[in-house]
Amino acid sequence: MTATKQGIIDFISGSNGGIACVMVGQPLDTVKIKMQTYSSVYKNSFSCFWNIMKSEGPRGLYAGTMPAIASNIIEHSALFFFYGQCQNFVASLVKVDNIDHLSTVQKGYAGSLCSFFLGFVLCPPELLKCRLQTARELHGSTTSITMRSTIMDVFRKEGVLGFYQGLSALLLREVPANFFYFAGYEGVKKLLQTPEEQEAGAKTAAWKLIVSGGVGGMTYWTSIYPVDVMKTKLQIWNGEGKKPTLTQMARQTFQQEGIGSFYRGIGPTLLRSFPANAAIFLTYEYTKDFLWKVT
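Residues numbered from 1 in each chain as written. Predicted model: local features only at pLDDT ≥ 70, side-chain atom pairs only at ≥ 80, totals over all residues. Heavy atoms only, no water.

- The protein chain appears in an unreviewed UniProt entry as Mitochondrial ornithine transporter from Clytia hemisphaerica.
- Entered under Subcellular location (unreviewed entry) in the UniProt record, the comment concerning the protein chain runs "Mitochondrion membrane". (UniProt positions renumbered as here; feature names shortened; annotations may be inferred.)

### Regarding the overall build of the protein chain
- Counting secondary structure elements, the protein chain contains 12 helices and zero strands.
- Helices and strands appear in the protein chain in the N-to-C order α-α-α-α-α-α-α-α-α-α-α-α.
- A globule of 295 residues ought to have a C-alpha radius of gyration of about 19 Å, and the protein chain, at 19 Å, matches this closely.
- Projecting the C-alpha coordinates of the protein chain onto the three principal axes gives extents of approximately 55 × 35 × 35 Å.
- Counting over 295 residues, the protein chain shows a buried share of 49%. (Helix = DSSP H or I, 4+ residues; strand = E, 2+ residues; numbered from the N terminus. Rg over C-alpha atoms; globule rule 2.2 N^0.38 Å. Buried < 20%, exposed > 50% of the residue type's maximum accessible area, 1.4 Å probe, protein only.)

### Structural notes on the pattern of salt bridges
- As enumerated under the stated definition, the model contains 15 salt bridges in all.
- The shortest N-O distance in the salt bridge between R173 and E126 comes to 3.0 Å. Here R173 is found in helix α8 (residues 167-192), whereas its partner E126 is found in helix α5 (residues 104-133), with 47 residues between them in sequence.
- Looking at R173, the relative accessible area reads 3%, which means it is buried.
- For E126, a relative accessible area of 6% gives the class buried.
- Notably, a salt bridge pairs K293 with D289, separated by 3.3 Å at the nearest N-O pair. Of the two residues, K293 and D289 are both situated in helix α12 (residues 266-294); the distance of four residues between them amounts to about one turn of the helix.
- Bridged by salt links that share partners, the residues K107, E186, K189, E285 and K288 form one connected network. (Salt bridge = Lys/Arg side-chain N within 4 Å of Asp/Glu carboxyl O.)

What follows is the structure, encoded as structure tokens:
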């Protein structure tokens with residue numbers, strides 16, 4: 001019963017963390033996606049931001065918010081659920097009786113392991129979010145582009161498998177990135193905690209969770225950013241002929257745009273990652289603490 005209860009609490013807490021992430025980070029995520037896919041159109045992140053404001057208004061910065069909320073609820077509920085279960089699995093392998101006693105590296109391994117399952121859950125909503133965020137560049141207008149029309153367009157042209165474009169790049173991103181994500185978060189949190197806070201069940205100060213979550217988010221993105229650029233390009237690809245593979249897309253991008261294109265949009269990404277991931281972990285930890293107390 002305890003394992004089931006832990007899974008449910010991790011799931012609900014992760015959902016709340018995902019909503020907090022979108023509310024804090026969606027505008028800069030939109031800038032990141034446009035910079036990754038249309039680097040020749042926008043000089044830099046600042047000009048991209050103001051171009052969106054002038055042509056689409058504040059609503060343009062929140063393009064794809066509904067699929068982003070859906071994506072983040074799905075992603076973070078699944079992420080923290082699988083993370084909890086994978087921590088239990090790693091603890092059983094190393095013969096540790098409590099997941100709170102796992103080392104930072106062992107928790108990083110649990111994060112990598114959970115990413116494999118997460119990729120299959122995350123790919124469809126993330127693809128829809130990317131398509132909606134780049135609708136103006138793809139179609140010239142956003143007036144008739146909705147989540148429903150985007151879903152139907154993908155299904156009509158590519159079938160069910162169309163929702164899994166970029167899956168290989170997504171898994172290539174998530175597996176190593178979540179090692180650094182959770183190891184970064186857990187490592188900084190442990191570094192900042194007092195001996196009393198390190199005891200199982202002791203509450204960590206909010207500011208320490210904010211710093212730890214922010215650092216975890218920044219280590220996530222700095223570790224795999226070029227792969228994320230390729231994932232985005234594959235998910236919004238709308239060209240003629242056979243869809244390129246991850247390797248082909250990387251080679252084509254390098255030949256046409258140079259090495260710098262693999263880091264287009266990293267500025268708004270890192271700027272967004274600290275507050276967004278601070279919000280995720282703070283909300284997750286406080287929701288989890290509340291639910292353990294009332295159930």
